[in-house]
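An overview of the molecular structure
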Amino acid sequence: MTTDIKDTVQAVDAAAVMGLLPARPRLLALGEPTHGEDTLLELRNELFCRLVEQEGYRTIALESDCMRGLAVDDYVTSGTGTLDEVMEHGFSHGWGACAANRELVRWMRSHNKGRPASEWLRFAGFDGPLEITGAASPRQALTALHGYLAARVDADLLPCTAETLDHLLGADDRWTDPAVMRDPARSVGQSAEACRLRLLADELVTLLDVQTPHLITATSRDDWERARLYGRTATGLLRYHHSMADTSQTRLTRLCALRDSMMADNLLAVAARGPALVHAHNSHLQREKSAMQMWEGRVEWWSAGALVSARLGAEYAFVATALGTIRHQRVDTPPPDTVEGFLYALPQAPCLVDARRLATALGDTLPAPRVSPWFGYAPLDPAHLATGDGLVFVKDVVRS
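Thresholds, definitions, all that
- Residue positions within a chain follow its written sequence, with the count starting from 1.
- In keeping with the model being predicted, local features are shown solely for residues with a pLDDT of at least 70 and side-chain atom pairs are shown and tallied solely at 80 or more, while totals for entire chains, interfaces and linings include all residues.
- For the side-chain quantities, the full set of heavy atoms in the structure was used; hydrogens and water were omitted.
- Note on classification: 1.4 Å probe, protein chains only; a residue is buried when its accessible area is under 20% of the maximum for its type, exposed when over 50%, partly exposed between these limits.
- Numbering goes from the N terminus for both helices and strands, where a helix is a DSSP run of H or I of at least four residues and a strand is a run of E of at least two.
- Two residues qualify as a contact provided that any one of their heavy atoms is within 4.5 Å of a heavy atom in the partner residue.
- Note on definitions: salt bridges are taken to be side-chain nitrogens of Lys or Arg within 4 Å of carboxyl oxygens of Asp or Glu.
- Throughout, an axis means a line fitted to C-alpha atoms (over the contacting stretch in the case of helices), and angles, computed between N-to-C directions, take values from 0 to 180 degrees.
- Basically, the charged four are Asp, Glu, Lys and Arg, the nonpolar ten are Ala, Val, Leu, Ile, Met, Phe, Trp, Tyr, Cys and Pro, and anything else, Gly included, counts as polar.
- Site definitions follow a grid-based scheme: protein atoms alone, a 1 Å grid, a 1.4 Å probe that fits but cannot get out for cavities, and for pockets an open set with protein on both sides within 12 Å along at least five of seven lines, plus lining residues having an atom within 4 Å of a point.
- Grid points are joined across faces, edges and corners, and a volume is the space filled by probe spheres set on the points.

Some points on helix H4 (residues 69–78)
Among the 10 residues in H4, seven count as buried, and that is most of the element. Of the positions making up H4, those classed as buried are Gly69, Leu70, Val72, Asp73, Tyr75, Val76 and Thr77. Buried residues along H4 sit in contact with strand S2 (59–65), helix H5 (83–89), helix H6 (99–112), strand S3 (122–127) and helix H12 (221–244). After H4 finishes, the residue Gly79 shows a positive phi value of roughly 75 degrees.

Shown next, in the form of structure tokens:
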């Protein structure tokens, strides 16, 4: 098998990645099998830098809160705020504390200084304002959308006042109660107020759409696109909260699917702006169905990558990342009869492999998937190799 793929094992760089693809994709998705490791994030940073210099990429989209990410984009484009502030408030899931994420934001701001807006690098979070323990209140997105419209269209076109929204939303802690994830009865997502808010959110988004020519002229395309993000987020959160109140056996499956659907919608909006590097967990970017073992059993759903790939076709490319060891998390040398074990024996590290060619070399009898002793690392599924465009292998992930 080594002979079958040895000429496809290359250093990880932009030219090598593009060499695996028929054309430059609008969205180049780089997955990772675990979160928060600077070894993987530094590799991502280097690839993005080369994509900017050699391939004309201008946006990076990360698996982080799309609303918080607006502060990062404002900083890298216009210098709004400070680096410390955006690292604290511009990322979700604690990822602002990662040194490599800080270096990425610092470098993007440095790159943009003194350049015309047409050459600016842009930042986007593409996850919803969601955590595994719950979801944000729709207040921020909904009131921002209403405020944008109220300042620019006739008042009699608005479906409600800001005061009406505030009354219906009530206290934010009703929406963010972490106990809701395991107890649907505590959710306000199917209350009369929430149902009314879903209708009003839909009407506000419709008003935004039908007023597009006026709004783009009155403000700017960037402001209009930001308002569309508010609308997607508000309607997505209200839909998510509605499903959090569901008591059926498909509740968790629906929640996972809704999260990735929100991700997909945000990625399609990023793609409309131009070529972008996307970075997230492999499970959110793969073309196959995703799966997770949760407290109510196994759930399966179509990932954001699968949804986007179905829409964009060849303009979406997915490069997964696999790894050998994370010794500080008890993930030791992979067994030699796994895909990771085979790749671990290669001299190059890190390296890029043609995923489809590797799948062909493995033949019909695929190796058994590697078993992880740590819940935070998801080994490569050998059955997914044939649907990927490339595979990055990192031999050893070391503690920063």
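The structure having been displayed, the exposition proceeds.
Notes on the pattern of salt bridges
Tallied over the entire structure, the rule returns 20 salt bridges. In this structure, Glu300 and Arg298 form a salt bridge, with 3.2 Å as the shortest nitrogen-oxygen distance. Taken together, the salt bridges that share partners define one network made up of Glu46, Arg50 and Glu53.

A few points about the packing of H4 against H6
At a closest axis distance of 7 Å, the pairing of H4 and H6 adopts a crossing angle of 40 degrees. Seen from H4, the contacting residues are Val72, Tyr75, Val76, Thr77 and Ser78; seen from H6, they are Val105, Met108, Arg109 and Asn112. Grouping the constituent residues of the contact of H4 with H6 by class yields five nonpolar, three polar and one charged.

Topic: the environment of Leu208
Structurally, Leu208 can be placed in helix H10 (residues 192–210). Note on Leu208: relative accessible area 1%, which makes it buried. Considering only alpha carbons, one finds Leu208 and Ser303, 95 residues apart in sequence, at a separation of 28 Å. Apart from the residues within four sequence positions on either side, Leu208 is in contact with Leu145, Tyr148, Leu149, Leu215, Trp224, Ala227 and Arg228.

Let's talk about the environment of Leu40
Structurally, Leu40 can be placed in helix H3 (residues 38–55). As for Leu40 and Val397, which are separated by 357 residues in sequence, their C-alpha atoms are 7.5 Å apart. For Leu40, the contacting residues outside a window of four places in its chain are Glu32, Pro33, Thr34, Thr321, Leu323, Val394 and Val397.

Considerations on empty space enclosed by the protein
Any space left empty among the atoms is revealed by the rolling of a water-sized probe across them. By the definition in use, this model includes two cavities of 30 Å³ or more. Approximately 120 Å³ is the volume attributed to the largest cavity. In terms of lining residues, the largest cavity is bounded by Glu32, His35, Gly36, Leu41, Arg44, Leu62, Glu63, Trp95, Cys98, Asn101, His279 and Ala280. Among the secondary structure elements, those contributing two or more residues to the lining of the largest cavity are H3, S2 and strand S6 (276–281). Here the residues of the lining of the largest cavity sort into five nonpolar, four polar and three charged. Lining the second largest cavity are Leu30, Gly31, Glu32, Leu40, Leu43, His279, Thr321, Val392 and Val394. For the lining of the second largest cavity, the secondary structure elements donating two or more residues are strand S1 (27–32), H3 and strand S11 (390–396).

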